[in-house]
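The residues making up each chain are set out below.
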Amino acid sequence: MKDHAIIGKIIGFWPTERALNGWIAAKWKPKGDVTLQLGPKGFFTAIFFCLEDKYRILGGGLYFFNSAGL
């Protein structure tokens, strides 16, 4: 899993799984499937089927969920 996952945290905001899935689809536009696991206090793990998606996202710069930093 470690090769296919990104662990993230949304600062000051804890979105629902549905909201975060929608944001990932709209902002990151992954080509493959993404499995999402929510953790405590805004942490989440996104597991990518396509490694290209993971590396594109990691190199994509800063991200914001509404006005909250990721």
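Structural data are supplied above this passage.
In what follows, the accompanying structure is described. All residue numbers refer to positions counted from 1 along the written sequence of the respective chain. Thresholds applied to this predicted model are a pLDDT of at least 70 for local features of residues and 80 or more for the giving and counting of side-chain atom pairs; totals over whole chains, interfaces and linings are not thresholded and use all residues. Neither water nor hydrogens contribute to the side-chain values; these are computed over all heavy atoms in the structure.

What about the pairing of strand β3 (residues 43-48)?
- Any residue under 20% of the maximum accessible area for its type is buried, any over 50% is exposed, and the rest in between are partly exposed; the area is computed with a 1.4 Å probe on protein chains only. Numbered from the N terminus, helices here are DSSP runs of H or I no shorter than four residues, and strands are runs of E no shorter than two. Among the six residues in β3, five count as buried, and that is most of the element.
- Strand pairing is assigned whenever DSSP detects at least two bridges linking the two strands. Here five bridges tie strand β1 (residues 5-9) to β3, and the two strands are oriented antiparallel to one another. Across the sheet, Gly-8 pairs through a bridge with Phe-44, a residue of β3.
- The sheet contact formed by strand β2 (residues 34-38) and β3 spans five bridges and is antiparallel. Opposite Leu-36, over in β3, you have Ala-46 as the bridge partner.

Here's the deal with the packing of aromatic side chains
- A pair of aromatic rings is counted whenever rings of Phe, Tyr or Trp (Trp by its six-membered ring) have centres within 6.5 Å, and the orientation is called stacked for planes under 30 degrees apart, edge-to-face for over 60 and tilted otherwise. Tallying each qualifying case throughout the model produces six aromatic pairs.
- Joined through ring pairs, the aromatic side chains of Phe-13, Trp-23, Trp-28, Phe-48, Tyr-63 and Phe-65 make up one cluster.
- Charges are assigned to positions over rings by a cutoff of 6 Å between ring centre and Lys NZ or Arg CZ, combined with an angular limit of 35 degrees from the ring normal. The lysine or arginine in question, Lys-9, covers the ring of Phe-43, its NZ or CZ lying 5.1 Å from the ring centre.

Brief notes about the pattern of salt bridges
- A pair is scored as a salt bridge if a Lys or Arg side-chain nitrogen falls within 4 Å of a carboxyl oxygen belonging to Asp or Glu. Here the structure, examined in full by the defined rule, presents two salt bridges.
- A salt bridge links Arg-56 to Asp-53; its shortest N-O distance comes to 3.3 Å. Taken together, the residues Arg-56 and Asp-53, both in helix α2 (residues 51-58) and three residues apart, mark about one turn of the helix.
- With a relative accessible area of 36%, Arg-56 lands in the partly exposed category.

A look at the side chain of Asp-53
- The buried category is assigned to Asp-53, whose relative accessible area is 0%.
- Polar contacts, as counted here, are pairs of nitrogen or oxygen atoms within 3.5 Å of one another; within protein the pair requires one atom able to donate a hydrogen and one able to accept it, and residues that are adjacent in sequence qualify only if both atoms are side-chain atoms. Among the polar contacts made by the side chain of Asp-53, one reaches the main-chain amide nitrogen of Lys-31 at a distance of 3.0 Å.
- Any two residues whose heavy atoms approach within 4.5 Å at even a single point are treated as in contact. Apart from residues no more than four positions distant in its own chain, Asp-53 is found in contact with Pro-30, Lys-31, Gly-32 and Phe-48.

Side note on the sheet that holds β1
- An order of β1-β3-β2 is seen for the three strands of this open sheet, with the pairing classed as antiparallel. Strand pairing shows two members of the sheet lacking a second neighbour, β1 and β2, which therefore form its edges. Taking the axes of each pair of neighbouring strands and ignoring which way they run, one obtains an average angle of 20° across the sheet.
- For helices, the fitted line uses only the C-alpha atoms of the stretch in contact; every axis is such a line through C-alpha atoms, and the angle between N-to-C directions lies from 0 to 180 degrees. With respect to the sheet, helix α1 (residues 17-28) is in contact with β2 and β3, its orientation differing from that of β2 by roughly 140°.

Geometric descriptors of this kind do not, in isolation, establish any biological role.
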